[in-house]
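# An overview of the molecular structure
Here are the chains, one letter per residue:
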Amino acid sequence: MKLFQYIFFLLFATGILQAQQIKVLNRITEEPVYGVAIYNIDKSKSIITNFRGEASLERFSSSEAIYFQHLTHVLKVLKKEEIDERGIVYLDLNTQGLEEIVVSASKFEQNKRDIPQKIISISAGRVTSISPQTSADLLGNTGQVFVQKSQMGGGSPMIRGFSTNRLLITVDGVRMNNAIFRGGNLHNVISIDPFTIERTEVTLGAGSVIYGSDAVGGVMSFYSQTPQLSYRDSLLFKMNAVARYASANNENTGHFDFNLGYRKWAFLTNVSYTDFDDLKMGKHGPEDYLRPEFVIRINDQDQVVQNSDPLVQNYSSYNQINLLQKIRYRASKDLNFDLGLYYTASSDIPRYDRLIRYKGDNPHAAEWYYGPQKWFMSNLQVTKLSSGSNLYDKIKATLAYQNFKESRVDRNFQSNLRYIREEAVDAYSVNFDFEKRLSLKTEFFYGVEYVSNKVHSNGQEENIEANTFSKDVSRYPDGATWQSTAVYTSLKYKPNVKFVFQSGLRFNHIVSKSNFNENNVFLNLPFESSENKSGALTGTAGITWMPNSVLQWRLNASSAFRAPNIDDIGKVFDSEPGSVVVPNENLKPEYAYSGELGVKLHFKHVVFDLSSYYTYLDNALVRRGFTLNGETQIDYDGELSNVQAIQNASKAWIYGFEIGLEAQLARNLKLKSQYSVIGGTEEEDDVEVPVRHVAPNFGNTHLVWTTNNIKVDAFVDYNGEFSFNELAPSEASKDYLYASDANGNPYSPSWYTLNLRTQYRFNDALLLIAGVENITDERYRPYSSGITAAGRNFILSLKYSI
């Protein structure tokens, strides 16, 4: 009998103990929340959670109200008897103002307010409200990322005066940048399906310590949806279906996704298909942008025909399909396996800017298009969120394979020769990331990375009259390789809730190899192969200081680098009319040194966010005049062209100022505004000239009215002017892209658009989004773009969810 009494007492005591001991977790990330103040109504009893989120409620009675308060989470009130048997208390993140969670800064969750750099966060809800046609349009809607478009099937982001291969793109933590990411406008971001995005984080400024080469001006981190588990015996089934139409390009989009969640397994499937017709520009604006004529082939002859509607930009249409399959297996509470399979493929995409270029009185090209742009990625992530190891508390292992395929096809007007160049890249990467809490005030992050790329390239010349093919110079040396090995560390010291210091270091070793034997048949280069080795050490240090609830300071200094890739070392292509770029084996990394100062003022109903920055770019990899076997001109694709090559031949100084405003004007009315001022010069032939990727001043202002089921967003997008003297020399030479000023010189006019977007939720299942963009039907072309933006555009989207 005593034995049973003892067992009964032990079980009873264990139950009481479990009820007294609780653990506070973030509801979304299920991460422990350190420093939660737990107290009763008169604060006569209180306790703070430890770094594991644990605390004892022994002092509290079962019936009194217990308050759970944390700076970055919503206040929660519970009675002890309301806490479940596991002793878990979930807190919801307070997403107003400073309190957001970001991952991109260290690859583990951190409070945004602890990061000394400026990071733009875009939630899935925001993506739904914007309803962008592409991920490039999503970035442009922030008002802090400028987007250039050479054709409708594109979008090349510009961040703080940098673009293309000086910006890094990641998808679920895997770098998308590969060995052939070029210095010219780059459009791979459209391969990311906006319907699959759970959140987007854009780091403004250098990110080389965590991400390595290319993260000079910023990092665009896209995180796709995560399969949802059931946490119970029954199946968790969720489904979304979306249909969308836009009038300016007669867009027809369909999307479907569903989630199957079990206790330990979850499956998520996404399918999207979009079809775009030719884009129609606005009625009011420069006549230089009109499309009065275009080339068609009739009876085996190229003919110029008049456009029945010069507002329609013929040969800009394309379509695209996006597929995503994700699988999650939760082996235990702290151990997850995530597999992602991604595939996207476009149709042929006409390069519109090349189709509007003239040679004399006739178009230069009869046809110029990108072949289908295809991207595949398989990504396996293993995440362990707790460990008894002395080396780490958390570990994340990421193994990924990517395959990129792209091609270029062009033929001059009234020529029988069509030039076809096809490229593919196999990219492998392995990352191990670790987090270790050294003390209650100090966290240590570190990791290792290996990346390997192999380039496949082929060139052909097709005689369309004789229907014959012959070998031609390829864009890149076939079989070229690019490898990167790195180790990186980051330290976060937070002595109190008001002050955070973060610093980091990274060392990269990069090796690229190319063989030019095949292309030497056409080029006769003075070398047959090249091997480029480079090492790069970069660092960062910054603080955030929040002396009170109103004021937050950010101060950060960092260095970044971009190592030469195969596009820099081995490319052959026509960079601009009358010029050809040839390989150069004598290249070394370029370095950027940046400083940033920011302040955020968080009043009761108004938030001001101001940032200023300065970047010095040394040993800049730029395109400059070159000689090949003593010649400054060679024949390329039937045209005598000036020889150029990528060289470490410049320096650049870039600076800017950003201001953001968010004001709660009334209970249901909010004002949001963002404005960016950018300037910069670079060295060219010992003269300082404007930097090509420095955008004009730009921004947007939104007035948002919200009720329970209705949201109305009236907004204006605006863009400053670049006069002829403010254009970079490489841009001033492309007069076919720009309007003409009073002197007949090219310039980029200022512009603005008025827009209205509405959202109506019928019920939990049905959501309607309707809007009109460019209400006044302005005709404008964003700086450096080859295609004119959409005119008045009516948008209708319907989303059904279960």
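This section reports on the structure supplied with the text. (Residues numbered from 1 in each chain as written. Predicted model: local features only at pLDDT ≥ 70, side-chain atom pairs only at ≥ 80, totals over all residues. Heavy atoms only, no water.)

### Things to note about the packing of aromatic side chains
To keep things clear, this is the line we draw: Pairing of aromatic rings covers Phe, Tyr and the six-membered ring of Trp, with a centre-to-centre limit of 6.5 Å; geometry is then stacked below 30 degrees between planes, edge-to-face above 60, and tilted otherwise. In DSSP terms, a helix is any run of H or I states spanning at least four residues, a strand is any run of E spanning at least two, and both are numbered starting from the N terminus. Buried means the residue's accessible area, taken with a 1.4 Å probe over protein chains only, is under 20% of the maximum for its type, while exposed means over 50%, and partly exposed covers the values in between.
Scanning the model with the defined rule gives 26 aromatic pairs in all. Each ring, one from Phe-146 and one from Phe-698, has its centre 5.5 Å from the other, and the planes form 70°; the classification is edge-to-face. Taken together, the residues span a long stretch of sequence, with Phe-146 in strand S11 (residues 146-148) and Phe-698 in strand S48 (residues 698-706) at a distance of 552 residues. What makes Phe-146 buried here is its relative accessible area of 5%. Geometrically, the ring pair formed by Phe-516 and Phe-527 is edge-to-face, given 5.3 Å between the ring centres and 80° between the ring planes. Placement of Phe-516 in the loop between strand S37 (499-515) and helix H6 (517-523) and of Phe-527 in the loop between H6 and strand S38 (529-545) is noted, with a sequence separation of 11 residues between them. In this structure Phe-516 comes out as buried when scored by relative accessible area, which is 1%. Phe-527 gets classed as buried once you look at its relative accessible area, which sits at 14%.

### A few points about the pairing of strand S46 (residues 669-684)
The test is simple: A strand pair is defined by DSSP finding two or more bridges across the two strands.
In the sheet, strand S45 (residues 639-666) pairs with S46 via 14 bridges, with the strands oriented antiparallel. If you follow Gly-660 over to S46, its bridge partner there is Gln-674. Taking the residues between adjacent antiparallel strands as the criterion, S45 and S46 are bridged by 2 residues. Relative to strand S47 (residues 687-690), S46 is paired through 4 bridges, and the arrangement is antiparallel.

### Topic: the environment of Arg-199
Operational definition: The contact criterion used is simple: two residues touch if any of their non-hydrogen atoms lie within 4.5 Å. Residues adjacent in sequence count toward polar contacts only when both atoms are side-chain atoms; beyond that, a polar contact is any pair of N or O atoms within 3.5 Å, and within protein one must be able to donate a hydrogen and the other to accept it.
By secondary structure assignment, the location of Arg-199 is in strand S16 (residues 197-204). Arg-199 sits in the partly exposed class, given a relative accessible area of 25%. Ignoring anything within four residues of it in the chain, the contact list for Arg-199 reads Val-103, Ile-122, Ser-221, Phe-222 and Tyr-223. Of note is the side chain of Arg-199, whose polar atom sits 3.2 Å from the side chain of Glu-201.

### Remarks on the pattern of salt bridges
Let me state the cut-off plainly: Salt bridge criterion: a side-chain nitrogen from Lys or Arg within 4 Å of a carboxyl oxygen from Asp or Glu.
Within the structure shown, the criterion is met by 44 salt bridges. A salt bridge links Arg-175 to Asp-214; its shortest N-O distance comes to 3.3 Å. One end of the pair, Arg-175, is in strand S15 (residues 174-175); the other, Asp-214, is in the loop between helix H4 (208-211) and strand S17 (218-224), with 39 residues separating them in the sequence. Its relative accessible area of 9% is what places Arg-175 among the buried residues. Judged by its relative accessible area of 4%, Asp-214 is buried. The closest approach of N and O atoms between Arg-562 and Asp-568, which form a salt bridge, is 2.8 Å. Given the relative accessible area of 2%, Arg-562 is considered buried. Residue classification places Asp-568 among the buried residues on the basis of a relative accessible area of 3%. What emerges from the salt-bridge pattern is a single network uniting Arg-113, Asp-114, Arg-437, Glu-443, Lys-492 and Lys-494.

### A short note on the sheet that holds strand S2 (residues 37-39)
For clarity, the cut-off: Geometry is summarised by axes, namely lines fitted to C-alpha atoms with helices restricted to the contacting stretch, and by angles between N-to-C directions that run from 0 to 180 degrees.
Strand order in the open sheet made by the 4 strands is S3-S2-S5-S6, with antiparallel pairing throughout. What marks the edges here is a single partner per strand, and that holds for strand S3 (46-48) and strand S6 (73-79). Taking each pair of neighbouring strands and ignoring which way they run, the sheet shows an average axis angle of 15°. Direction of pairing for S2 relative to strand S5 (residues 65-70): antiparallel, over a ladder of 3 bridges. Residue pairing in the sheet places Tyr-39 in a bridge with Tyr-67 of S5.

### A short note on unusual backbone geometry
At Asp-172, a position not held by glycine, the phi torsion is positive, near 50°. With a phi angle near 55°, Asn-774 is a residue other than glycine that sits in the positive phi range. Turning to its location among the elements, Asn-774 is positioned in the loop between strand S53 (766-773) and strand S54 (793-801). Given the relative accessible area of 2%, Asn-774 is considered buried.

### Observations regarding the pairing of strand S34 (residues 442-463)
By the bridge criterion, 21 bridges tie strand S33 (residues 417-437) to S34 in an arrangement that is antiparallel. Directly across from Glu-423, in S34, lies its bridge partner Ser-457. Counted between consecutive antiparallel strands, the loop separating S33 from S34 contains 4 residues. Examined bridge by bridge, S34 and strand S36 (residues 481-496) share 13 bridges and lie antiparallel to one another. If you follow Tyr-450 over to S36, its bridge partner there is Thr-485. Here 4 bridges tie S34 to strand S35 (residues 468-471), and the two strands are oriented antiparallel to one another. The residue bridging Asn-463 from the neighbouring strand is Thr-468, located in S35. In this structure, the hairpin formed by S34 and S35 is closed by a connection of 4 residues, where Asn-467 is found at a positive phi of approximately 55°.

### Focus: the environment of Asn-520
With respect to the helices, strands and loops of the structure, Asn-520 is situated in helix H6. Along the chain, Asn-520 and Asp-361 lie 159 residues apart, while their C-alpha atoms are 36 Å from each other. Not counting residues within four places of it along the chain, the set of residues in contact with Asn-520 comprises Leu-525, Phe-527 and Glu-528.

### Quick word on a nonpolar patch on the surface
Spelled out, the test is: Each patch groups residues whose relative accessible area exceeds 30% and which form no salt bridge, using 9 Å between like charges and 5 Å between nonpolar side chains of Val, Leu, Ile, Met, Phe, Trp and Tyr. We get accessible surface area from the Shrake-Rupley algorithm with a probe of 1.4 Å; when it comes to residues, only the shown protein chains can shield them.
Together, Leu-235, Phe-237, Tyr-262, Trp-265, Tyr-800 and Ile-802 make up a nonpolar patch on the protein surface, roughly 610 Å² of accessible area in all. By secondary structure assignment, the location of Trp-265 is in strand S20 (residues 265-276). Among the residues examined, Trp-265 registers a relative accessible area of 42% and is labelled partly exposed.

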